[in-house]
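Fold and contact review
The residues making up each chain are set out below.
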Amino acid sequence: MENNGRRGFMGKAFGAVAAVGAVGSLVAMKKSWDPLPSVKAAGFTTLDMTIYEENQLVTEKWRGKPIFVLKKTAEMVAKQTEKQKARDIIIGGSHYMVSIGLCTHLGCIPAYNATEQGFLCACHGGQFDFSGDVTKVPPPRGFDIPPFKIDGTKLVLGEAGPEYTKMKETGITL
Amino acid sequence: MAHFTKATSVKDWLNQRLAIDTIEKVMGSEYWIPKNINFLWAMGMVLVITFVLLLVSGIFLLMYYQPNIETAFYSVNFTIMRDVDFGWLWRHVHGVAASVVFLIIYIHMFTGIYYGSYKKGREMIWISGMLLFVAFSAEAFSGYMLPWGQMSYWAGMVITNLFSGGSLHADGLVEWIRGDYVPAQAFLTRFFMLHVLLIPLAILGLIALHFGSLRIPHVNNQDGEEIDFEKESKRYLNGDKAGSKVMRFANDFMSKDMMVVGVYLIFFFYLVFYNYGFAMDPVNFDPADGLKTPAHIYPEWYFLWSYEILRPFSVDIGLIAFGFAQVIFVLLPFLDRSPNTVAANRRGLFRIWFWMMLINMIILTAMGKLPPSGIYSTIGFFAAILFIAQWIALPFITMFEKKV
Ligand code: HEM
Ligand code: FES
């Protein structure tokens, strides 16, 4: 009886030590899988917005992700709905679509068709219009817009300026 | 202390220390197998052999493969394929085995479903088998990342994105799994670790569990007959070998098993030498490029059916349907409410259910490979709905099944 009590105590004492150790190791394991600081610190990308041609999609790179830049033609700007216009970035009087070029479904890069002025994602058939808004499922929403700040005729990606903050607040991008 | 005597032979020496005679009996000559089975019961052994082929060829690939995003592609496509003598052999064996192993797994699974081998004490065999299926899927996926070609990269992108959970936007989780915003070096090295160490270890453990779960219920037979193994084995040992319903695992059943394995290996090496193309996607012969998605992304053939269940729906419903398809087979022993453990062909409505499920999965597989547009989209959509509906219907149609 007395011995059983002692064994029980030893068992519980070991259990307590093991539990602390287990929680500690899990924390260490989780943290070891985190992205490295060097990855997280991945810097900013600055785009010179004067070099783009109308209705020609250019793919830039930011944090390893493709960034779509499309300068809209006057005809596109004229026929835009309010919803499409809300996604525009206006620099020096020109309207641009700038967004992360990854399908919001599962992350493939959709292809732009300049004649049809829209994007098609080959992976599961999702479609987007020229403003980057979704027109056919499975993607749940339009392209995400990266944090940006307008700096004269330049656009800095990775920094949130007032225009971006507004888009985020109004739910135009995530 | 145990008492040891002077050994009369090497075998006796070992026997005194390791009881090898007892082990041989328990694992082989007195492990009883029903006689009333057919070649489909050899698939387990075929799977063991295929796993050994993967292990051996993998070890040789491992000597030259470099898990680095700059060099991985070349270490596979140039070093292993051109420089290393017979390097191509290991790669083709590995690739073909990774593909064929799933063909055999599916045959093995559907054999189990057909003969009701997941019921009446055999539930753990089924569950451990499904865990093996999951582990092999993870093994194949992680291996597919390693050559760091276009398909590796984009399959890695799409599959890890599944973990964002659609509208849940768990992007942090996806980045945690990748160790980066996009698949990059951290991603390649951790999947390399999973592929060559952690998952193979898990597979070995699961194989042990799978075999262990067979001991008590024994394997099923063609008529689902409940055999008294105690009585039948006594009968066999007393000399009535012909009258007994069982036989020894070794060497009686093993010899038949190995016959099937022999035929299989001829087929297997025919594929390795003359027809390995199906296991090597041409798109993966382009190095990974994070700024260009290939025109078509599709998984290896063995994942196509579940991929097709994901594809036709909007993102959240797609993910739910996909998750459903991934886990539902595990629940089969509990969703099948009928007490009958007999071949599906003798089970009324279940017979139709079985053949429809098999054919539908072939249709889903075919549609998953075709571009997601027009008529294929529509067929895929209805096949996906049918798949889900069949599982929902299963408890009801089996509940009212007549006892045979
Ligand atoms: C423990 C055993 C294993 C080891 C050591 C191993 C090792 C490797 C290595 C080093 C590679 C990269 C070279 C290459 O791509 O050809 C590879 C690729 C691959 N492995 Fe494994 N592997 C093992 C088991 C498996 C299993 C069980 C499966 C699947 C069921 C599998 C599926 C694959 C696939 C699909 C590839 C890509 C093949 C290709 O693209 O050529 N491996 N493996
Ligand atoms: S990733 Fe674009 S539709 Fe699925």
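Keep in mind that what you see is a predicted model, and the values were worked out from it rather than measured.

The rules behind these values
- Residues numbered from 1 in each chain as written.
- Chains lettered and ligands numbered in written order.
- Predicted model: local features only at pLDDT ≥ 70, side-chain atom pairs only at ≥ 80, totals over all residues.
- Heavy atoms only, no water.
- Helix = DSSP H or I, 4+ residues; strand = E, 2+ residues; numbered from the N terminus.
- Buried < 20%, exposed > 50% of the residue type's maximum accessible area, 1.4 Å probe, protein only.
- Contact = heavy atoms within 4.5 Å.
- Lys, Arg positive; Asp, Glu negative; His and termini not counted.
- Charge placed at Lys NZ, Arg CZ, Asp CG, Glu CD.
- Donors = N, O, S within 2.8 Å, 3.2 Å for Na, K, Ca; no water.
- Tetrahedral: all angles 85-135°; square planar, octahedral: opposite > 155°, others 65-115°.
- Disulfide = S-S within 2.5 Å.
- Domains from an automatic or database assignment.
- Buried area = accessible area lost by both parts, 1.4 Å probe.
- Salt bridge = Lys/Arg side-chain N within 4 Å of Asp/Glu carboxyl O.
- Polar contact = N/O pair within 3.5 Å; in protein donor to acceptor, adjacent residues only side chain to side chain.
- Nonpolar A, V, L, I, M, F, W, Y, C, P; charged D, E, K, R; others polar.
- Phe/Tyr/Trp six-rings, centres within 6.5 Å; stacked < 30°, edge-to-face > 60°.
- Lys NZ or Arg CZ within 6 Å of the ring centre and 35° of its normal.

Let us now look at the overall build of chain B. Secondary structure summary: chain B contains 16 helices and two strands in total. The burial tally for chain B puts 50% of its 404 residues in the buried class. Relative to all contacts within chain B whose residues are 6 or more apart in sequence, the contacts with residues 24 or more apart total 76%. Looking at chain B, you have 29 positive and 29 negative side-chain charges, and the mean spots of the two groups are 10 Å apart.

This paragraph deals with the coordination of the iron atom of ligand 1. For a metal with four tetrahedral donors the ideal donor-metal-donor angle is 109.5 degrees, whereas six octahedral donors ideally subtend 90 or 180 degrees. Residue and element names in this part refer to chain B. Within the protein, the iron atom of ligand 1 binds to H94 (NE2) and H195 (NE2); these donor distances fall in the range 2.0 to 2.1 Å. Bound by six donor atoms, the iron atom of ligand 1 shows angles of 81 to 179° at the metal and therefore octahedral coordination geometry. Of this pair, H94 sits in helix α5 (residues 87-114) while H195 sits in helix α9 (residues 185-215), placing them 101 residues apart in sequence. Overall, H195 belongs to the buried group, its relative accessible area being 11%.

The next subject is the state of the cysteines. Residues and elements named next belong to chain A. Summed over the entire model, instances satisfying the criterion amount to one disulfide over all chains. Note that C108 is cross-linked by a disulfide to C123, the S-S spacing being 1.9 Å. Here the S-S torsion is close to -90°, and the disulfide linking C108 with C123 is therefore left-handed. One end of the pair, C108, is in the loop between β5 (94-100) and β6 (111-113); the other, C123, is in the loop between β7 (118-120) and β8 (127-129), and 15 residues separate them in sequence. According to the relative accessible area criterion, C108 is buried, its value standing at 1%.

Here we come to the domain arrangement of chain B. All names here are of chain B. Domain boundaries assigned for chain B yield domain 1 (19-297) and domain 2 (305-404). The partner domain 2 presents 31 residues to the 24 residues of domain 1 that form the contact. Each partner contributes to the roughly 2,400 Å² buried at the junction of domain 1 and domain 2, and carbon and sulfur atoms together form 66% of this total. The partner of K119 in a salt bridge is D336, and the shortest N-O contact between them spans 3.3 Å. Applying the counting criterion to the domain 1 and domain 2 interface returns nine residue pairs in polar contact (both at pLDDT 80 or more). Looking at the side of domain 1 that touches domain 2, the elements that each hand over two or more residues are α5 and α6 (123-145). Looking at which element gives the most residues to the side of domain 1 that touches domain 2, the answer is α5, with five residues. Broken down by class, the residue content of the side of domain 1 that touches domain 2 amounts to 12 nonpolar, eight polar and four charged.

What follows is about the packing of aromatic side chains. Within the structure shown, the criterion is met by 49 aromatic pairs over all chains. Between the aromatic rings of W33 of chain A and W176 of chain B, the centroid separation amounts to 5.6 Å while the plane-to-plane angle is 35°, which identifies the pairing as tilted. Here W33 of chain A, found in helix α1 (residues 2-33), pairs with W176 of chain B, found in helix α8 (residues 171-178), and the two come from separate chains. Here the aromatic rings of F329 of chain B and W391 of chain B are separated by 4.9 Å at their centres, their planes lie at 75°, and the arrangement is edge-to-face. On the criterion of sequence distance, the pair formed by F329 of chain B in the loop between α13 (315-328) and α14 (332-335) and W391 of chain B in helix α16 (residues 374-399) is long-range, its members being 62 residues apart. Residue F329 of chain B is classed as buried on the basis of its relative accessible area of 2%. Joined through ring pairs, the aromatic side chains of W41, F110, Y114, Y115, F354 and W355 of chain B make up one cluster. Stacked on the ring of Y181 of chain B, the Lys or Arg R63 of chain A has its end atom at 5.2 Å from the ring centre. In this arrangement the basic side chain of R347 of chain B is found over the ring face of F350 of chain B, its NZ or CZ atom lying 3.8 Å from the centre.

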